[in-house]
Amino acid sequence: MEMEDIEDVLGPAGIAGGGAAPGLRLPLAAVALKPKRPRSSRVAQTRPQPEARIPGTQTIYVKTFGCSHNQASFSDSEYMSGQLSAFGYAITEEPEGADLWLINTCTVKNPSQSAMTTLISKCKSANKPLVVAGCVPQGSRDLKELEGISVIGVQQIDRVVEVVEETLKGHEVRLLSRKTLPSLDLPKVRKNKFIEILPINVGCLGACTYCKTKHARGHLGSYTIESLVDRVKIVVSEGVREIWLSSEDTGAYGRDIGTNLPNLLNGIVAELPADRSTMLRIGMTNPPFILEHLKEIASVLCHPCVYSFLHVPVQSGSDAVLTAMNREYTVSEFRRVVDTLCELVPGMQIATDIICGFPGETDEDFSQTVNLVKQYQFPQVHISQFYPRPGTPAARMKKVPSVEVKKRSRELTSVFESFSPYQGMEGKVERIWITEIATDGVHLVGHTKGYIQVLVIAPDSMLGTSADVKITSVGRWSVFGEVIEGSVVAKETQKHNHSELQEEYRPSQVEEATCCGTDSFGACTCSDAAQQCNPGPERSENSTPQSCGDATHQEAVQSKLVRRNVEGAVKSSESDTAKQVGEIQRLNVAARRFPDVDTILWGGLAVSFATTVTLIALLAYKISSTPSY
């Protein structure tokens with residue numbers, strides 16, 4: 001009998017609970033292995049045998065696929081990288097020189113899974129040992145692309161070292177059985193040293209007809225408040241400046257263990273430093289599970305150490321489509337969430353998602369979606385076309401013609417891009433928290449309390465600090481600012497140079513969401529559901545145009561977004577301020593790319609001296625070797 005899972009070998013009489021305690025490594029004899037069998041004798045002759053090397057000395061290439069709104073896969077990769085690194089393996093971002101590839105997958109959309117399939121093919125062509133982790137093998141374990149490949153499920157990441165060890169020996173390992181949640185105290189390698197992605201629960205309570213994620217991550221499973229608060233204490237002491245709560249549905253937290261999200265948030269906020277050196281960002285929540293806690297959530301969002309944004313997907317502006325999606329809320333309930341939070345939280349931002357072309361969506365349904373976006377004028381919206389995921393109810397529904405789906409997506413994108421969400425911010429002073437380096441190599445990336453992205457030109461030593469900035473110009477996707485001298489709040493931990501920072505996670509999705517503005521008295525201009533949601537025309541000197549949306553980033557602002565920010569500013573800014581920004585960019589790029597004059601002069605002197613010594617030596621040799629007559 002062929003056994004695929006370690007737990008199948010252990011059985012109830014093995015280790016208590018049918019598996020090892022989180023973080024413990026089982027003896028190799030306990031691992032169920034399937035030696036890789038070549039498909040033909042010719043393959044057996046050409047396939048290179050694994051090199052006999054000491055475990056823990058190899059280099060592992062880790063590649064993560066994930067949607068921009070769910071950080072779970074990225075957090076999983078950080079935990080797996082941390083365990084491998086702690087055991088001695090070197091983690092690399094260069095696939096060619098790696099001894100093994102570890103691919104962490106996402107099953108939310110077709111493009112992510114297609115990219116995974118392409119990478120698997122490249123790995124096989126390169127004859128590299130391969131381990132595939134994440135939602136795809138967990139939710140679709142019988143995929144043809146996964147034949148003959150070691151796989152590890154979403155709740156087995158604490159066993160990644162064992163799987164890698166055996167795969168490097170030429171064995172196939174399959175770890176997919178569900179068990180208890182992985183420990184939050186596992187070793188971890190953050191993609192960005194200043195950002196902690198903290199999973200608060202896995203799975204969800206919904207049953208959306210288009211969603212494949214629940215097939216992989218299952219029913220709701222929440223970490224205890226005590227374990228999460230303890231983790232927050234640790235990461236704050238390590239110098240983390242942003243904590244992102246990660247979940248398939250943040251609002252559903254705790255319903256399986258007798259608690260709720262407000263209780264968790266209040267426990268976390270109590271541990272954040274009073275000097276506001278570490279900020280909290282709340283993750284995505286679906287409308288049904290936040291409706292009963294709106295006032296409590298609003299109170300937390302008003303806290304000085306909590307970013308004033310939330311990611312609340314609407315998916316469609318039509319109740320008929322929402323019913324077909326089995327989203328368990330109506331458009332009016334979504335409006336109530338947005339309006340209430342915008343009314344109670346100054347500068348509130350809310351991100352949202354839209355799916356174009358869901359099966360059965362009519363022209364009238366789509367028109368209602370467009371009207372919803374126009375009414376709230378979300379500055380950031382994630383727009384996607386419907387992708388039928390195998391095994392979901394929606395995959396069996398009658399599809400909207402692909403030509404029409406693309407047309408609707410383009411139309412909604414055009415409407416979305418017509419908004420100018422940050423108009424009027426020029427000259428305002430904002431506090432920002434700086435955690436990233438922009439991909440242009442010139443700017444640092446910071447965020448306001450409302451999580452508006454601000455690009456500043458500043459030394460890398462400012463990473464991990466907060467500062468007041470004066471907004472100098474605005475673009476479609478972000479704003480540009482200048483740091484006000486003397487306003488920087490220094491880091492308590494040691495400074496990190498640019499070269500010491502690992503490249504931060506940058507998702508491929510670039511559209512994100514926000515809405516609502518404040519009037520001159522700080523009141524939300526869209527507190528009335530029927531009111532047009534435009535920024536107030538008159539603002540006080542200290543008020544800031546905000547929007548109800550989450551740059552979920554990374555769920556928010558990542559490589560493509562930053563590039564678009566820079567391009568948008570150049571294209572849209574013909575003012576003197578924008579021209580000055582361009583000049584500073586060019587000077588700064590030159591300064592970062594080329595050594596200073598002193599270095600060049602000393603280098604020239606060294607070369608001249610070496611040349612002179614060489615010539616003298618050659619001349620002496622020539623004279624000594626010339627025969628005398």
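As shown above, the structure is provided for reference.
Residues numbered from 1 in each chain as written. Predicted model: local features only at pLDDT ≥ 70, side-chain atom pairs only at ≥ 80, totals over all residues. Heavy atoms only, no water.

Participant: Quick question: what am I supposed to make of the sheet that holds strand S14 (residues 309-311) here?
Facilitator: With parallel pairing, three strands are arranged side by side in an open sheet as S14-S15-S16. Taken across any chain shown, the strands that pair with only one partner, and hence form the sheet edges, are S14 and strand S16 (381-385). Sheet twist, expressed as the mean angle between neighbouring strand axes with direction ignored, is 15°. Pairing between S14 and strand S15 (residues 349-356): three bridges, direction parallel. Its bridge partner lying in S15, Phe309 is registered against Gln349. (Pairing = 2+ DSSP bridges. Helix = DSSP H or I, 4+ residues; strand = E, 2+ residues; numbered from the N terminus. Axes fitted to C-alpha atoms, helices over the stretch in contact; angles between N-to-C directions.)

Participant: Mind showing me how you'd approach the side chain of Glu242 here?
Facilitator: Structurally, Glu242 is set in strand S12 (residues 242-246). Summary of buried charges: Glu242 has no salt-bridge partner, and the nearest side chain of opposite charge, Arg281, is 5.8 Å away. At 3.0 Å, the side chain of Glu242 forms a polar contact with the side chain of Trp244. Of the polar contacts made by the side chain of Glu242, one reaches the side chain of Tyr307; its length is 2.7 Å. For Glu242, the contacting residues outside a window of four places in its chain are Phe194, Ile195, Glu196, Thr278, Met279, Tyr307, Trp433, Thr435, His447 and Tyr451. (Buried < 20%, exposed > 50% of the residue type's maximum accessible area, 1.4 Å probe, protein only. Lys, Arg positive; Asp, Glu negative; His and termini not counted. Salt bridge = Lys/Arg side-chain N within 4 Å of Asp/Glu carboxyl O. Polar contact = N/O pair within 3.5 Å; in protein donor to acceptor, adjacent residues only side chain to side chain. Contact = heavy atoms within 4.5 Å.)

Participant: Just to check I follow, could you spell out the pattern of salt bridges for this structure?
Facilitator: Oppositely charged side chains can form a pair if their charged atoms are brought close together. Counted under the stated rule, the structure contains eleven salt bridges. A salt bridge links Arg408 to Glu361; the shortest N-O distance between them is 2.8 Å. Linking Arg408 in helix H14 (residues 402-417) with Glu361 in the loop between S15 and helix H13 (363-376), this pair joins segments that are 47 residues apart in sequence. Judged by its relative accessible area of 4%, Arg408 falls in the buried class. Judged by relative accessible area, which is 5%, Glu361 ranks as buried. Residue Arg431 is joined to Asp468 by a salt bridge in which the shortest nitrogen-to-oxygen separation is 3.1 Å. On the criterion of sequence distance, the pair formed by Arg431 in strand S17 (residues 429-437) and Asp468 in strand S20 (residues 466-474) is long-range, its members being 37 residues apart. Classification of Asp468 as partly exposed rests on a relative accessible area of 24%. When salt bridges with common partners are traced through the structure, they connect Arg190, Glu196, Arg231 and Glu238 into a single cluster.

Participant: How should the nonpolar core be read in this particular structure?
Facilitator: Taken as a class, soluble globular proteins show a tendency for nonpolar side chains to be buried jointly. Ranked by size, the top nonpolar core spans 95 residues in total, and within it Leu102, Val164, Ile243, Leu280 and Leu341 carry the most contacts. Per element, the largest residue contribution to this core is six residues, and it comes from helix H12 (residues 331-344). When neighbours within four sequence positions are excluded, Leu102 is seen to be in contact with Ile60, Tyr61, Val62, Lys63, Met80, Leu84, Val131, Ala133 and Val160. Formed by 18 residues, the second largest nonpolar core is a distinct cluster that contains Ile432, Ala458, Leu463 and Val474. (Core = buried A, V, L, I, M, F, W, Y, C linked by side-chain atoms within 4.5 Å.)

Participant: Before we go on, may I ask you to explain the sheet that holds strand S13 (residues 279-281) in this structure?
Facilitator: Backbone-to-backbone hydrogen bonds pair the strands of a sheet. The strands run either parallel or antiparallel. Sheet architecture is open: three strands sit in the order S9-S12-S13, paired in parallel fashion. The strands lining the two open edges of the sheet, one partner per strand, are strand S9 (195-199) and S13. Geometrically, the sheet is characterised by an average inter-axis angle of 20° between neighbouring strands, direction not taken into account. Across five bridges, S9 lies against S12 in parallel orientation. Counted as the bridge partner of Glu196 is Ile243 from S12. Along the sheet, helix H8 (residues 225-237) makes contact with S9 and S12, crossing S9 at roughly 170°.

Participant: Teacher, can you tell me more about the packing of aromatic side chains here?
Facilitator: Under the definition given, this model contains ten aromatic pairs. Taking 6.2 Å as the distance between ring centres and 25° as the angle between the ring planes, the aromatic pair formed by Tyr307 and Phe309 counts as stacked. The class for Tyr307 is buried, based on a relative accessible area of 0%. Judged by its relative accessible area of 0%, Phe309 is buried. Ring centres 6.1 Å apart and planes at 90° place the aromatic pair Tyr307 and Trp433 in the edge-to-face group. With Tyr307 in the loop between helix H10 (294-301) and S14 and Trp433 in strand S17, this pair connects stretches of sequence that are 126 residues apart. A relative accessible area of 3% places Trp433 in the buried class. One aromatic cluster in this structure is built from Tyr307, Phe309, Trp433 and Tyr451. Taking NZ or CZ as reference, Arg281 lies 4.0 Å from the ring centre of Trp244, over its face. Residue placement shows Arg476 over the ring face of Phe416; its charged tip is 4.6 Å from the ring centre. (Phe/Tyr/Trp six-rings, centres within 6.5 Å; stacked < 30°, edge-to-face > 60°. Lys NZ or Arg CZ within 6 Å of the ring centre and 35° of its normal.)

Participant: Help me out: how do you make sense of H10 in this one?
Facilitator: Along an α-helix, residues three or four positions apart point the same way, because every turn accommodates 3.6 residues. Among the residues of H10, Leu294, Ile297, Ala298, Val300 and Leu301 are the ones counted as buried. Taken down its axis, H10 places every buried residue within 160° of arc, on the same side. The exposed residues of H10 that point more than 90 degrees off its buried face are Lys295 and Ser299. Turning to H10, the residues buried within the fold contact helix H9 (261-269), S14 and H12. (Arc of directions from axis to C-beta.)

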